[in-house]
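Residue-level structural notes
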Amino acid sequence: MPAGKVALAGHAWQDAFDLLSRADREASLSGADLESLAEAAFFAGHAELAVEVKERAYKTHLAAEDEIRAAYIALDVANGYGQAGKSSIASAWARRGQKLLEDKPESYPHAYLALIQSEAARVAGNVETALELAEQAVQIAIRTGHPDLHAAALTNFGSLRIATGAASDGIAMLEEASIAAVNGELSPFATGVTCCRMIAACRDLTDYRRASEWTEATEKWCERQSVSGFPGVCRIHRAEVVALSGAWERAERELRQAADELAGFNAIPPLADGMYALGEIRRHMGNFEGAEAAFREAHGLGRTPQPGLALIRLAEGKVKAAATAINSAVSEETWDQWARVRLLPAQVEIAIAAGDPVLARTAAEELGRIVSTYSSPALEAGRHQALGRVLLAEADAAGAAHEFRSAIRDWREVAAPYEVARGRVLLAGALRSLDDDEAADLEVQAALDEFERLGAGPDATAARKDLRAAAERRTAPVQTRMTFMFTDIVGSTNLAELLGNESWERLLRWHDDTLRALVAASGGQVVNSTGDGFFVAFDSARQGIECAVAIQRALVEHRRASGFAITVRIGLHSAEANRRGDDYSGVGVHLAARVAALAGGGEILATADTLAQAGDVAASEPREASVKGVSAPVSVVSVAWA
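Described in the following lines is the structure provided in the data block. (Residues numbered from 1 in each chain as written. Predicted model: local features only at pLDDT ≥ 70, side-chain atom pairs only at ≥ 80, totals over all residues. Heavy atoms only, no water.)

**Notes on the nonpolar core**
- With 86 residues, the main nonpolar core has Leu-149, Trp-338 and Ile-350 as its most contacted residues.
- Ranked by size, the runner-up nonpolar core spans 76 residues in total, among them Phe-17, Leu-271, Ile-281 and Ala-460. (Core = buried A, V, L, I, M, F, W, Y, C linked by side-chain atoms within 4.5 Å. Buried < 20%, exposed > 50% of the residue type's maximum accessible area, 1.4 Å probe, protein only.)

**With respect to the pattern of salt bridges**
- Summed over the entire model, instances satisfying the criterion amount to 45 salt bridges.
- Ionic pairing is found between Lys-318 and Glu-316, a salt bridge with its closest N-O pair at 3.5 Å.
- For Lys-318, a relative accessible area of 4% puts it in the buried group.
- Assessed through its relative accessible area of 23%, Glu-316 is described here as partly exposed.
- Measuring nitrogen to oxygen at the nearest pair gives 2.8 Å for the salt bridge that ties Asp-441 to Arg-432. As far as the burial class goes, Asp-441 and Arg-432 line up, both buried.
- Members of the salt-bridge network, linked through shared partners, are Glu-292, Arg-296, Arg-313, Glu-316, Lys-318, Arg-509 and Asp-513. (Salt bridge = Lys/Arg side-chain N within 4 Å of Asp/Glu carboxyl O.)

**Focus on the environment of Asn-578**
- Structurally, Asn-578 is set in strand β4 (residues 568–580).
- The class of Asn-578 is partly exposed, set by a relative accessible area of 23%.
- Between the alpha carbons of Asn-578 and Leu-160 there is a distance of 57 Å; along the sequence they are 418 residues apart.
- With residues up to four places along the chain from it excluded, the contact list for Asn-578 reads Pro-477, Val-478, Gln-479, Asp-583, Tyr-584 and Ser-585. (Helix = DSSP H or I, 4+ residues; strand = E, 2+ residues; numbered from the N terminus. Contact = heavy atoms within 4.5 Å.)

**Some thoughts on the pairing of strand β3 (residues 534–538)**
- Burial runs high along β3: 5 of the 5 residues are buried.
- Along β3, one buried face is formed by Phe-534, Val-536 and Phe-538 and the opposite face, lined by Phe-535 and Ala-537, is buried too.
- Across 4 bridges, strand β1 (residues 478–489) lies against β3 in antiparallel orientation. Residue pairing across strands places Phe-486 opposite Phe-535, the latter belonging to β3. (Pairing = 2+ DSSP bridges.)

**Examining unusual backbone geometry**
- Here Gln-306 and Pro-307 are connected by a cis peptide whose omega angle stands at 10°.
- Here Pro-307 is to be found in the loop between α16 (288–300) and α17 (308–315).
- Backbone geometry at His-11 places phi at a positive 60°, although glycine is not the residue there.
- Tracing the sequence through the fold places His-11 in the loop between α1 (2–9) and α2 (13–26).

**Digging into the packing of aromatic side chains**
- This model, assessed by the stated rule, comprises 13 aromatic pairs.
- Taking the centre distance of 5.3 Å and the plane angle of 55° together, the rings of Tyr-72 and Tyr-112 count as tilted. Taken together, the residues span a long stretch of sequence, with Tyr-72 in helix α5 (residues 67–83) and Tyr-112 in helix α7 (residues 108–123) at a distance of 40 residues. The same class applies to Tyr-72 as to Tyr-112, namely buried. (Phe/Tyr/Trp six-rings, centres within 6.5 Å; stacked < 30°, edge-to-face > 60°.)

This is how it looks when you write it as structure tokens:
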């Protein structure tokens, strides 16, 4: 046994684990010795075994009538299960600890109990109670002289203060706990947890300078103390900073290595952060399938997949699904201001894409209010960029250009080349509205060069398209005759409310993927997504009508197979139109959209001229319809498809 304790004191974790395990097999260990074995098991990479040994230590302390230590171990086990997402088991262990402390004079486990109760109140949304209990835990830890619990209480209280708007005060508490940690005043486990929460708080505040300082200090402590596992936590946070600098491939390697290092430690929150960061890198590089998988894995580990998942939907042209996802995420974050800050810029971007500038302004103004309480260059950049988007949507191009230039300046200070390039693209949009195409082209070309260097495929493609469109605008539009089709989901808002966000998103994804595949098979071109449907162009009326029929039949088949399907209305019109690049405009396009609006659920409505061009197609007798924006009545027919 002494040899095992000596190895443990020297942080020779595997040796300590082997020696203490042998002693455990040979004789019954005391509660304190079992705690030593649990610590050695954890740092040797056997986190699940460590929990089992702690549970044994609880029983041993109880048998020895040491109810105070048994209560502490029960609460520690409860905390571990809570971190692993096993809330029911965690609650049962917490009640055991609480019961042992009833009618006992104040002692250090009372601080742990207050901490666990504070966390439960936070999860339940009772923020005031959570704050009161967190402060109570700090005071008990001070009075009972327990350094580890004092640090844990400070980090918990500080995190709550940050979330409720007192960021500077909260950071000061986290710093007080963290300096004790890296100075060797806490146990190895308490040190690692404290530093991890410090770095994560800095990351959430986008205070990358402070995050880098504490990451470096933690890594040095790990090296001095021969501590593994927690270097994986540091590696994740360092990779996030590396990704910000644009070295995405290196950041992805760091994240993968970190996941391997953390595999045996049940370090769920940092693993979740790592998977989310991996998803962001993949999203920027255009690997949407891989990004979505990473975001969903992060979600499975307890971290919200937003705003990343919503931004994938936006990039896929699924504006309605993106808006549903981001708005739901924002509405669920009712009190944690900095959690909202991570969501609000995406809400602004998606709201503008969805044609809701009022919501976009509301989100941008809230972002500005929160950022004003704790400023950093990255936060200021995000604030300027969000406000610029809103001003551009409100037709204040000059004001938008000013905000975008400020955002670019702040992103440069952070050394974030991808964000600088995105800011340039936004600035270009404002400059084009000011009829300064030459300056806009310069900004887009500079952004394109950066996107190509970084490997940001979707952004590079969009920048090239912007430059082509600008060049085409300087030439006369091409007159062409096409058949235009508009589709629209009937009653989409009510359906979304009925199904709930996740089910609605899955159904909408099926709809989008199915319609895109059918359009491609019919030789059509998706011009853009209109949120609940598509604007499509075909070379011939026959192609358009055959595609519309295929869509309605696919919906019926889906209803037959699954018991439920959305209802779609479709309108078609063949006409002359102006083509610039991949876009079409003119009265004919407007008329096609209006015809779709006249259609009923499950109906294909086409102008009589379109039907005549399509050839032999079964349809109703023509009827005259008044169309908004068109002076003369339009003859329309309902195409038979069943």
